[in-house]
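Structure assessment
The lines below spell out each chain.
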Amino acid sequence: MKITKEDIISVVFLLPLYAFLSVMVFIPILNVILGSFGISLFGLSMGKVKGPVLDGYLNFVNPSKPYLYSLFFTIYISVIATVISVAAGYLFAIYLTVKRPPIWSKISSIMTIPLFTPYVVGAFMWWTLLFPRGYLAIVINRILMGLGLTKGPIPLVNDPYGIGILFGEVWIRFVISFMIFYGPLQLISQDLVDAARSLGASTWQVILKVYIPLTKYAIVATSAIVLLATMAGISIPLILGGSWPQFLNVMIYLDVTKTFDFISAYTSGVFYLVASAVLGYILFRFTARRIEFQVR
Amino acid sequence: MTVMAVADRRQRLWDLLVIGFVVFYMVFPIFVLLEYAFAEVWYAYQLFPTKLGFKWFSWVLRHYDTRMAIIYSYTLAPLAMLATLALCIPAGYVLGTRRTKLSLLTENLVNMNMALPVIVIGTGLLPLYFKLGLLNNYWAIIPAHMIGAIPYTLRSITAAFMQVPRDLEEVARVLGATKIQVIRKVYLPLTWRGILAGGIFAFSWSLNEFILTLLLGFPTIKTLPIAIYEYVGGYYLTPQPAAALSLLILIPSIFIAIFLEKYVKVSLGMGGG
Amino acid sequence: MTGGSRLSAIVGAKVLGIAIALILLLSCTVRLSPALPEKLDERNVYALTWDEIVELAKKEGKVVWYGFGSTYERDFFTELCEMFTKETGIQAVYVHGHWFDTVQKLISEKKAGKEVGEIDLVLAWSKPFAMAYEAGAVWDVNLAEIIPNAKGIPFVAKYFHDMYPSNARHLPILSWWVGFLYRKDLLKYPDDVPKSFDELLDWVKKHPGKFTYCDPNKGGSGHTFLMGLAEWFYGYDAFAFAEYDEARAEELFSSPGKYGMNFWEYLNELEKYCYQPGIYPQGNKATIELFEAGEVLLIPMWISITMQEVQTGRLDPNWVGMYIPEPTMPGPFDGCFIPFNAPHKAAALVFLNWLLSPKVQALIPQKIGAYPAVTEAWKLVPDEVKKQPWWPINEPYKDLVKWRKFGPMWYRHADYMFYIMKKWIDEVARG
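Attention here is on the structure that accompanies the text. It should be emphasised that the depicted structure is a prediction, and the values quoted were computed from it without experimental measurement.

1. Brief notes about the overall build of chain A
- Along its length, chain A carries 13 helices and zero strands.
- When the elements of chain A are put in sequence order from the N terminus, they spell out α-α-α-α-α-α-α-α-α-α-α-α-α.
- Sequence separation of 24 or more characterises 72% of the internal contacts of chain A that already satisfy a separation of 6 or more.

Take a look at the structure:
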């Protein structure tokens, strides 16, 4: 196989990236994987454990321990948050594309607020809105009780259903989802839309038959991005989550900082890595090929 | 009134409703932040603060730690952004213009990186940094900030390069342009928005970054999110100074965003002009 | 006497006189003790007098103190360092961090064999101290024997920390305490509140939804309260300086204590009448916010946090009533240890001694709402401070001196407390 100048350029340009990833990502991951078996890569002791042992794994899959359910909770809440943010972001982007309200260009920078808000602050802001004396909690509970749906005020933050986490996550992810959709939607040729309309399509039909099919891979890709980001983020579940159940990364944080249980932390880390890698691989594998064709 | 005018009015109303709702949703939490930042007396059973003032701002700026946190945050962010761009521009060029197996592999690797929870990488990075003596080291924090930024930035830059018609480079070469000229005249004008958007992602990520800095830099290197977290997360919750500090991040950030929208015309999409 | 013998007597007297003079002269100029050592270690420190240690400290010229806590504590500790620097000329530097990171750093340094570190004094509570001590990262010296002002600290607190035998390698400087915070404007003590833990269950049944406590894994008021409850439930003797064994803990906590229930059954019964049953506020602040908002009428809460909430304008002072339920509430005596590789050990000793001086100890209640470790210092605290509503109103707790002299004084058992914290998630939160 001939090695062209092109290939050399490719390799040289990609080298810094790979070097960086090796040191800052691959080696730590290796450390985590080995650490889950009680083996320390750098010769630093892990407390009383001398590996290799399977204790970490036995502990994790033990149904009487919290880890398995915590993983399930993490995935399930992240999925719900993703569905809401992606749908809302997409619909809002479509609204702007179709209706093109003139006022938008003047205030579009407002959308960047959640991007520049540190997650810690964003999470805290939602706590103040949702704790039992928060404005939103008061309003929502009044409405629910008024409609007869609940008998007493329900907890909206630090609750076992992850409601608080959902509010916090959606506020931030909605913007990312919107931003990713807005560009490609603008790229869709106006002729297609005009043609559809001239054939008598209503707005909804235009959305369903023109916009969505042309952006379906973007939708899947964005969903993947948002889902994985939500699963990975720690600040929001740390501040808005309840005693139980907790996100798995919060459990890792507690294991490392409160109980100094490194082997459990590394084992949980491995499960997280596997879950995220599998999800990520499937979704991106599915979309990468399509996007390549789509943009051309 | 004509039918058009009525339809128009209805449309304006809908616009107002939808956009109004979104704006309210974005801004209302900030309003509450403002309340906390300026509330000198606000008993929890009261709906609004009863005494407003600047006490929390002077409180926050009085502390050396906090002043340093502001400096650290606002110097690490541009440095991390530049370092990320330095890595991602050449890589994005390759990924965006040559769709080889290597490109796809790199993309997959980087995208999987995005899926990894940062705390897991942090727990693995901690022993490495310790071994290399890099804990509490300012410069060593920069790579930590880049880890999470790279996937987003690379994605943005790759998309930007993908927009450039492939033949353009060949044509320019055929017409005798040097490498530098190709970059300046062909690529730069077409990709700078994507690059800038990628840079902004990196800047924003670094500003936000908290858990790795907490694990690797604390207590010597404290950035704004950590300073805020000290007031807000865990045991010790004093929301008022946290709110004051948050405004110190938000307001400059909002100005940057407005500036970029207005003068640099960076659209909030990742492609399109 | 003959002439010859008189002469020899005079010469003899002169020689003796010169000899005595020489000896006296020499003893003034030559030190009978060895010269000041270059640096302190576990052996020479006991041989020096306190003044010599002070002299050595002045030579070292600097002390670096790592602490933790709320912003009020940070401000106070920073202020203390400034005061110390002014008074002694030894530069004191305060670094506000987190006990976890500090201890991890020291343990790593010990393993790596780093003989000279950066930290001279560490504020830590029992668990991190135990970790550091077991890793050999603590300077293995009996601080109570060396530091003069340590004599004012209650005996047990010097040698045990949360019942962990610290052997005075760790000296307390303050004690934060948890009491029952109640709505003074609505409830009267003792008639309207549960005067003792015995009355708690009945009280919550009569006032459903008006009591809660902090998630014990998210805030100290929660786990301290549960520790006190456990000590009442099974008797203090079950825990007092007992060895920890997980099997024993399992057995103890699943055995019946009061009301024919075991500990977890009791907590689950209590939960039914709590505010939003099953939902526990996440952290001390979240708990007190519920109180401040009028959602609950009674909570276990740190005195220090109560004070801070009034000072930040969140808690209406007219609402604040505090008492300690019977039989009593345990509490931690938190303090400092010196790392094995502290570069300025003498300065650390002098600084610690200064922190334990009565006038500095008397500042603690005023500035951060904690009790001084040195009991007698309470007498120096101004009356306006003692009158504040966040100090307990019931006897003997009103007067720290009386309380510490005559008791009751309960301590927390770190290991059993951790057991409770971990098990609570399964038995109470999940159940």
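2. Brief notes about the interface of chain A and chain B
- Between chain A and chain B, the residue contacts involve 78 residues of the former and 75 residues of the latter.
- Top element by residues in the side of chain A that touches chain B is helix H1 (residues 5-36) of chain A. It accounts for 15 residues.
- Residue composition of the side of chain A that touches chain B, by class: 60 nonpolar, 14 polar and four charged.

3. Regarding the interface of chain C and chain A
- At the junction of the two partners, chain C supplies 19 residues and chain A supplies 16 residues.
- For the side of chain C that touches chain A, the secondary-structure elements that each account for two or more residues are helix H5 (99-112), helix H13 (284-292) and helix H20 (414-429) of chain C.
- A total of three residues in the side of chain C that touches chain A trace back to one element, the largest contributor, which is H13 of chain C.

4. Examining the sheet that holds strand E1 (residues 62-67) of chain C
All names here are of chain C.
- Overall, mixed pairing links the six strands, which are arranged E2-E1-E3-E10-E6-E11 in an open sheet. This sheet does not close on itself; its edge strands, each paired only once, are strand E2 (91-96) and strand E11 (371-372).
- Of the pairings in the sheet, the one linking E1 to E2 comprises six bridges and is parallel in character. In the strand pairing of E2, Trp-65 is matched with Tyr-94.

5. Remarks on the environment of Lys-99 of chain A
- One can find Lys-99 of chain A in helix H3 (residues 67-99).
- Distance in space between the C-alpha atoms of Lys-99 of chain A and Thr-203 of chain A is 9.9 Å, their sequence separation being 104 residues.
- If we skip the residues at most four places from it in the chain, Lys-99 of chain A touches Gln-11 and Asp-15 of chain B.

6. So, the packing of helix H6 (residues 119-130) of chain A against helix H8 (residues 163-187) of chain A
All names here are of chain A.
- H8 packs onto H6 with a crossing angle of 130° between their chain directions and a minimal axis gap of 9 Å. With respect to H8, the element H6 is oriented oblique. Along this stretch, H6 crosses H8, giving a crossing that reads as right-handed. Residues Tyr-119, Gly-122, Ala-123, Trp-126 and Leu-130 of H6 form the contact with H8, whose own contacting residues are Gly-164, Phe-167, Gly-168, Trp-171 and Ile-172.
- A class-by-class count of the residues in the contact of H6 with H8 yields seven nonpolar, three polar and no charged.

7. Examining the sheet that holds strand E9 (residues 320-323) of chain C
Residue and element names in this part refer to chain C.
- On the basis of which strands lie adjacent, the open sheet formed by three strands has the order E8-E7-E9 and antiparallel pairing. Taken across any chain shown, the strands that pair with only one partner, and hence form the sheet edges, are strand E8 (298-302) and E9. Geometrically, the sheet is characterised by an average inter-axis angle of 40° between neighbouring strands, direction not taken into account.
- Note: strand E7 (residues 178-183) against E8, five bridges, orientation antiparallel. Within E8, the position partnered with Phe-180 by the bridge is Pro-300.
- Its contacts with the sheet put helix H10 (residues 220-234) on E7 and E8, and the angle it makes with E8 is roughly 105°.
- H13 contacts E7 and E8 of the sheet and is inclined by roughly 140° relative to E8.

Reading guide: rules and limits
- Residues numbered from 1 in each chain as written.
- Chains lettered and ligands numbered in written order.
- Predicted model: local features only at pLDDT ≥ 70, side-chain atom pairs only at ≥ 80, totals over all residues.
- Helix = DSSP H or I, 4+ residues; strand = E, 2+ residues; numbered from the N terminus.
- Contact = placed C-beta atoms within 7 Å.
- Nonpolar A, V, L, I, M, F, W, Y, C, P; charged D, E, K, R; others polar.
- Pairing = 2+ DSSP bridges.
- Axes fitted to C-alpha atoms, helices over the stretch in contact; angles between N-to-C directions.
- Parallel < 35°, antiparallel > 145°, perpendicular 65-115°, else oblique.
- Left-handed = near helix turned anticlockwise from the far one by under 90°.

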